[in-house]
Structures are given as C-alpha cells and as structure tokens.
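Each chain is listed here by its residues.
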2 protein chains.
Amino acid sequence: MPSLEAVLEQVRERVTPRQADIERLESAVEKTMERTEAAIEDLPVEAEALQVGSTARETWLASDRDIDIFVRFPRELSRAQLEEYGLDIGYTVLPDGREEYAEHPYVTGTVDGFDVDLVPCYAVANAADIESPVDRTPFHAEYVTEHLTPELATEVRVFKQFTKAIGVYGSNLRTRGFSGYLLELLVLEYGSTRAVLEAASDWHPQVVLDPNDHGEVTFDDPLVVIDPTDPQRNVAAVLSGENLARLQHHARDVLQHPTVDAFMIDTPDTIDADTLESKITARGTSPVALVFETPDLVDDDLHPQLQKSLDGIGALLERHDFDTIRTAYFTDNRTVLFYELEVPNRPAVERHRGPPVHVRSHAEEFFDTYVDADVFGPFIEHDRYVVERDREFRAATALLESETLFDARLAPAIEAALETGFELLAGQEITALTTEFDEDLARYFDPGP
Amino acid sequence: MPSLEAVLEQVRERVTPRQADIERLESAVEKTMERTEAAIEDLPVEAEALQVGSTARETWLASDRDIDIFVRFPRELSRAQLEEYGLDIGYTVLPDGREEYAEHPYVTGTVDGFDVDLVPCYAVANAADIESPVDRTPFHAEYVTEHLTPELATEVRVFKQFTKAIGVYGSNLRTRGFSGYLLELLVLEYGSTRAVLEAASDWHPQVVLDPNDHGEVTFDDPLVVIDPTDPQRNVAAVLSGENLARLQHHARDVLQHPTVDAFMIDTPDTIDADTLESKITARGTSPVALVFETPDLVDDDLHPQLQKSLDGIGALLERHDFDTIRTAYFTDNRTVLFYELEVPNRPAVERHRGPPVHVRSHAEEFFDTYVDADVFGPFIEHDRYVVERDREFRAATALLESETLFDARLAPAIEAALETGFELLAGQEITALTTEFDEDLARYFDPGP
C-alpha cells in the first residue's frame, strides 16, 4: 500500500494545471477583463470589473473551464438600473451569451472555449451590508486571495478533487455539498488536505469553526463555518448531514487505505433491464414509479420541489399502510418518483379505533355511525369502540391512480406536472426505465457510502 | 316500545325463584348445615358452620344451583390442622365430593342436585385481619345480610341477570367481570337496578365508591369500590376496563331501548367451515393459528397464562414486521392462539440502521461487519450507515415453525405445551377449527359490544 504522502503527491501533480492550460486561461481572462472594462467605459456610471471564483486564485482544477467576472456598481444605483447595465455589459462582452437568473439576471457565454459568467453586483462597504448574496462574492475572493499561499492553494485543489470523487462537491440544492469557498476555508483552518481529512474523521457534529472569531449567531446545521467576511453567515449552511457523514466516511477510508483511485471520479455504473429484473426478484419488494415530464425549472428550484413531493407521496403511502423500504427521485427530461414498497397490497379491512366508551357523546355518535354499517363491529377493545371497515385502497397502485394522490403534500410545479399526466409503473414494469435512468437505477440498486 | 319500568317488572318476575325452587333450596341447605354441624361435633376443636353466597341471602337467581358453606375454625389452629379438619368435614358431608384448591383445599360435591362447596376458613375478628381471602367471605355475607332489604335483593337479582346477559358476570380471571358481592354493593349504593344503569351510563373512569367512607389506599383500577368490611381492598380489582366499558354501553342501550331480551342470555352463534371461508376471503387477511393440548390448570391460572402468551407471540410477530389486525385465544380440550395477520409474507430484505457515522468506533465496526457481506450497502442515509440485509423470516409461518417462537414472552405452562408440540394452521386451513371452536370463531368473526 502506498503511503498517504505518496498518494497526495501524485494527486497534487494531477490536479495542478499544466503551464499551457494556465496560459490559455490567463489569456482568456485577460481578453474578457479588457472587454468588460471597455464596456464599463461606455456606461454613464462608474463601475469596477473583478475576477472571482477558483480561476481567480490558484485553486482551480485542470478540468475547470469557468471564468467568473463580477461588475461592481455604486450602491446608489437602482436595482432596475443595475440589472439593465449588467445585461448591457454582459451582451457586449459575450455577444453569443444568454441570460440566466440567480439572485438577479446575468449573462453567461464563452470566450476561447471557457465558460464565462458576467454578473453585476453592488459595491458595498463590507459583506454584512450586502443587498443580495452575489454582492458578497468579491469579499470572499479578497479574503481568500489575501490568506491563501500557493502551497495551500494546491491543497485546496487536492481536497476539491477528493470531494468531487466522492460526490459531495457543489453547493447547489441538487448536491447540497461543499462549495469551493468552504473547501478553501477548511484548508486555511487546518493547514493541509491531510489535516482536514484527519480532523473530519473525528468530527462530532455539530462542528463549529469561526476563523475570524467573530460569529454572532448560532446555527442548527451539522457543520458551521462562520464566514470570515460576515459574522452572521454559515458558509456550510447548504451542506446536508448526509454529505458531511459521507466526507467523514471517505476521509477515514482514504487515511486507512491511501490510493490515488480514491481521488478519481468513477465512470457511473449502469444497469440493464435483465439485471434490474433479477435485483427486484432478489429483494422481493414491490417498486412503483410515477413518471412525468420534468417541469422547466432551474435546478435550485426543481430539486427542493422534487424532494418535498417525493416525501409527500411517501407519507401518503405510509398513511395508507404502504410502507416503503427506500425512496428516490431521478430526473432528466422525464422525472421518476420511485417508491420501493414492502408489500403492494393490504387486506380488505382496516381497524378504525373509536373514542373511549365513557366519553359519552362522542362514543354514542361513533356507535350510531357504525352499528348498521357494513363493518365488523363495533366491538369494545380495552375501553374503546373499534370497527373493522373496508379499506379505501387495497393496492398501492389504486391509491396512486386515484384523486387521493393529490392529498399528498406536493410542491406546486410537481403537482401541476402530475395533474397534466403521469405514467405509473409497478413491479417488473420499472425495468422499462433502464433506457433513460440506467445510471440512477444502478446506483439505487447497488448503493454505497 | 315498552317502558323500562314494564321491562324491569317482567324481569323481576322471571328472576325471582318460585316457591317450589325456594323450598327445594332451603331443604338442601338445611340438610347440608345439619350434616356439617354434626361433623363439627366429632372434631376435637370448636368450629362454626355458616352459609354464605347468594343463596344465603335473597340474591340468587332461579337458575343458580350453588350452596356455599364456610366452616370457621379458631385462629390458633395451624394451617395444616385447618386443612385436615376442613377436608374431613368436607368428605363427611359430601361423601362423593372431590378436592379443589382455591386459597387452600376444599371439598365440592352435590346435595339433592345442588352444587355444594364446603370451605374451611379462620374466624378472625375483622376482615382486615384475614389470613387468606376466604376468611373475608363471612364478613361480606354479614354485611350484605344486614343491609339488603328484600326489595333491594330483587334489584340485585335483576342486575345480576343483566350482567350475565351481556357476559360480564363473574370475578374469575377468565371473565374479569363483576362479582356477586360487587353487584350487591352497587345496588346498595345507588338504590335500584335502574339507578345503577343510569349512573353507569355516565361514569367517567376512574370511578371511586366508598360505601363506608373508610378507604385507606388508592388504586389504579377503572372502578374502585372500597370493601365496607376492609378499608384496604377494592372489590372491583379484577374487573377489566373492557368489561366496565361493556356495562356502560349496554346500560345506555337498555335505557334507550328497553326490552326484556336485553336481560336474556343468547344462545351462542356458531359458524361452519364454508361461512368461515367466505369471511376470511372478504376480510382479505391472513389468519394463523397455533393449536395445542390445553395444559391441566385451574381457570384462574390458565387464562392469565394464555393471555400473556398470546400477547408474547403477538409481540414477536410484530417485531418481525407481521402486523396483526386482531388476536384471540380459544380454549377447550385444545387451545388455539389465533393471529389475524395483515399480510402473510414480507420482502426478502429488511432495513438495518447502523450508528451515526460520526460515532467513530461503532460506525467503523458496523461498516467493517457489512462491507463485504451479502447485503445492499452499507450506504449513508441522513447521518447514519444503513444496510438492507436478508430478512430472517419472509413468512410468518416460517417464524412460528422455528425455534425463534420460543424467544417470545411465554407463560411457563404454555411454553411447555408448545414445546411438546403444536399444529400450525394458516389461511383457509383454520376452517378445520370449526369442529371444536365454532362458537369462538362465530364471535370472533361477528364481534359485538
């Protein structure tokens, strides 16, 4: 087994961009900055262009293709003016660009093969005075540039590569992982990738780090890293407990069994219909899937809506006694809400417990309701009336095909999509999904840490 | 609809023994008392014969055939001497009698067609000083004789008939209902059957009555009637909450819809195999039954053991995810532990949740245990490791046929009986039980209050 140091050294070499990559990037950045500054000249207001993000400091990976340019406008400018000027500059710099929307609209396009985001923001005095989260970014860039030595920048690259390999890199709401800035702060805190991994192996969440020792608020999140540029902000707010646990697991693993492979991004496995069929048979479970056209939403809106709706229908199934062993959603052009049920059918009757007999008015009402109804009972159990009445849905598929589906807590876009129509697959019918979701299904049926 | 008063008047007539019945009883009592007193003469100690029970006061029903004679011995006598003299007298008075055992041995036999119990006890100064519960009985007899007018005795007869009709008469551990003494105290407390029924309709348990206003202890029981002869005793201690609720239900019912039928004991319904088969089909449930030779125990020992074992195996089934919609035991020469399952089979896999990943030593141990095992996972869910591993028992019948059955909390005699051997019936196989348990099964599948 190679030593951890030998492994890390190999990884350092791999993740450090070659001179040619650096020159290509620098040339593209220079060209973009020049164009941006020229575009600013044409505006009736003062503004400042600023390169931010990993390619602005030495923490980008050879595979990264992102250039982020922020244009800081005076605080006096109206929001509407800022947006107008921002788009003006964006389309001037990136004539083939297109508008995107995060906190406010910005233009994204390409320059010499690099993906360029051109984002307008306000120049505020400090990060606590921001108007919108993008205003904070320049402060992050400044803080990291000021503190990160070239050696530490390399450590950030190595650590970033690791988080990508284990699938926890990215602070979008699909991944709910580690942002680049969070990685940088962790490396600054602990001093090296190795030190971060060793610390993470022994973390007992809640873990609170406060590099500037100025935190003013408490948080519930499992990892709290107080933003050195904003005492009220947790940089790790979006990180899920699951991804934190995942980092802990893989940190321990790579420390005990150091391999370069641990830093490499695997090609995803796939599964074919026959293999899936035998997996379902082996598990003896009853999968059901709701399949529908994916609503046209940005990822950060779509994924929380999918998670909420997945959980909502899961809770509906449980309320009707259809317990799930595991659930998941898969999304591409179509979306799948996937429920692996313990059993597909329930008996014809269900218990319905009434009030205690001594609560006279309620008890009499319950008894009168059921005494001549087509039920078993009413009878008395302990101190209560009980009836066994016909179950509304004996089959989970009947429940999901009924209007009762919409009693579930659903996010609005998902509710609308389901109302438009969906396909319901049950049991071995889900093997049809392997044409679109072979990677998702492979991961579902061969889950790892 | 007849008035309640008209109904009660009819019932009074029915339950009051005819003159010929009274004379037959009195003649048998006289004969038994004479024989007992003669037998006492032959003993080297002083003792006193005392008739107790409902036939000693005017609260017996025409259908009652029980004469209870207690023989009170001096407190100085040893327990062994008391038992010996008691059996001596018993076999002298009842030459064809046989020994039974309650608190101590006594003889039971017949005189002129009446069932006679001849029970030895100690003559103690007051009911609080008793050696054993039987010593208390003469105090009850004395108290009731002193307080009960002939009119109230008739009310006791009517109320007793009502509790028999609704199945809650008897303080044995099979029934867990109302003792004769309890009925007498309730009628004394409220003044008539009608008044008891009206009061019971509105009871909010816990209900506490203390006729002598001398209670010294608090009880958890739903109905507490402090014994007028013993401040530390609840006469209703054995009454179950279920039977109390049952009285409340039927009291309300008869007050709202007075009929003589409400006081009549129904011939039990029966069910045949075909009807049972269609009931099971209609319910869509999965019954299983363990059938074994009934252990040779007195009822007051057998029934608590059966209830405990029924519940123990029910809990075992639930632990293995076999939920029951209802359970029951039936007992005759053979005994049936009956479980009506929601579903007979579970999937091949079950979730097994490990420790949180951050609890390092436990987490590593869990991961190492399963990483190379034939399971799905380990994967991470929220902050924990989870595996999906093979379920030990996919079928409830496999569980009940395995040695794991004996992991259930079982009462000793039932455990021994099951170890000797049992028959396991599942699904429609239970229709075979209609030859022995047609009344029990009829009641189970057509339950009422």
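Predicted, not measured: the structure shown is a model, and the values here were computed from it. (Residues numbered from 1 in each chain as written. Chains lettered and ligands numbered in written order. Predicted model: local features only at pLDDT ≥ 70, side-chain atom pairs only at ≥ 80, totals over all residues. Heavy atoms only, no water.)

Novice: Got a minute to help me understand the interface of chain A and chain B in this structure?
Specialist: Quite often, the size of an interface is put as the accessible area lost when its parts meet. Taken together, the contact pairs 51 residues of chain A with 51 residues of chain B. The contact between chain A and chain B buries some 4,300 Å² in all, and 54% of this surface belongs to carbon and sulfur atoms. The interface formed by chain A and chain B holds 10 salt bridges in total. Asp 202 of chain A is the partner of Arg 360 of chain B in a salt bridge, and the nearest nitrogen-oxygen pair spans 2.9 Å. At the surface where chain A touches chain B, the tally comes to 24 residue pairs in polar contact (both at pLDDT 80 or more). Of all the secondary-structure elements, those providing two or more residues to the side of chain A that touches chain B are α7 (193-202), α8 (241-256), α9 (273-283), β10 (324-331), β12 (349-356), α11 (360-370), β13 (376-381) and β14 (384-390) of chain A. Broken down by element, the residue count for the side of chain A that touches chain B peaks at 8 residues, all from α8 of chain A. Looking at the side of chain A that touches chain B, its residues break down into 20 nonpolar, 13 polar and 18 charged. (Contact = heavy atoms within 4.5 Å. Buried area = accessible area lost by both parts, 1.4 Å probe. Salt bridge = Lys/Arg side-chain N within 4 Å of Asp/Glu carboxyl O. Polar contact = N/O pair within 3.5 Å; in protein donor to acceptor, adjacent residues only side chain to side chain. Helix = DSSP H or I, 4+ residues; strand = E, 2+ residues; numbered from the N terminus. Nonpolar A, V, L, I, M, F, W, Y, C, P; charged D, E, K, R; others polar.)

Novice: Hey, could you run me through the sheet that holds strand β6 (residues 207-209) of chain B in this one?
Specialist: Strand pairs in the sheet, formed through backbone hydrogen bonds, run parallel or antiparallel to each other. Residues and elements named next belong to chain B. Here we have 3 strands laid out as an open sheet, ordered β6-β7-β8, and mixed in their pairing. The open sheet has two edge strands with one neighbour each: β6 and β8 (230-234). Strand-to-strand twist in this sheet, taken as the mean axis angle between neighbours without regard to direction, amounts to 20°. The pairing of β6 with strand β7 (residues 223-227) spans 3 bridges and is classified as parallel. (Pairing = 2+ DSSP bridges. Axes fitted to C-alpha atoms, helices over the stretch in contact; angles between N-to-C directions.)

Novice: Just to check I follow, could you spell out the side chain of Asp 227 of chain B for this structure?
Specialist: Residues and elements named next belong to chain B. With respect to the helices and strands, the residue Asp 227 is situated in strand β7. Residue classification places Asp 227 among the buried residues on the basis of a relative accessible area of 0%. A distance of 2.7 Å separates the side chain of Asp 227 from the side chain of His 140, its partner in a polar contact. Dropping the residues within four chain positions of it, Asp 227 is found in contact with Arg 136, His 140, Tyr 181, His 214, Arg 233 and Val 235. (Buried < 20%, exposed > 50% of the residue type's maximum accessible area, 1.4 Å probe, protein only.)

Novice: Before we go on, may I ask you to explain the side chain of Asp 68 of chain B in this structure?
Specialist: Residue and element names in this part refer to chain B. Take Asp 68: it is sitting in strand β2 (residues 66-74). As a buried residue without a salt bridge, Asp 68 has its nearest oppositely charged side chain in Arg 57, at a separation of 7.9 Å. Here Asp 68 is in contact with Leu 50, Gln 51, Val 52, Gly 53, Thr 55 and Asp 117, once residues within four sequence places are set aside. (Lys, Arg positive; Asp, Glu negative; His and termini not counted.)

Novice: Looking at this structure, I do not really get the sheet that holds strand β5 (residues 114-122) of chain A. What am I missing?
Specialist: Residues and elements named next belong to chain A. The mixed open sheet is built from 5 strands, whose spatial order is β1-β2-β5-β4-β3. Each having just a single partner strand, β1 (48-52) and β3 (98-101) make up the two edges of the open sheet. The mean angle between the axes of side-by-side strands here comes to 30°, regardless of whether they run parallel or antiparallel. Pairing of β3 with strand β4 (residues 105-111), which is carried by 4 bridges, proceeds in the antiparallel orientation. Across the sheet, residue Arg 98 finds its bridge partner in β4, namely Thr 108. Sheet strands touched by helix α3 (residues 79-93): β2 (66-73), β3, β4 and β5. Its angle to β5, the strand with the most contacts, is close to 155°.

Take it as geometry only, folks, not as evidence of what the structure does.
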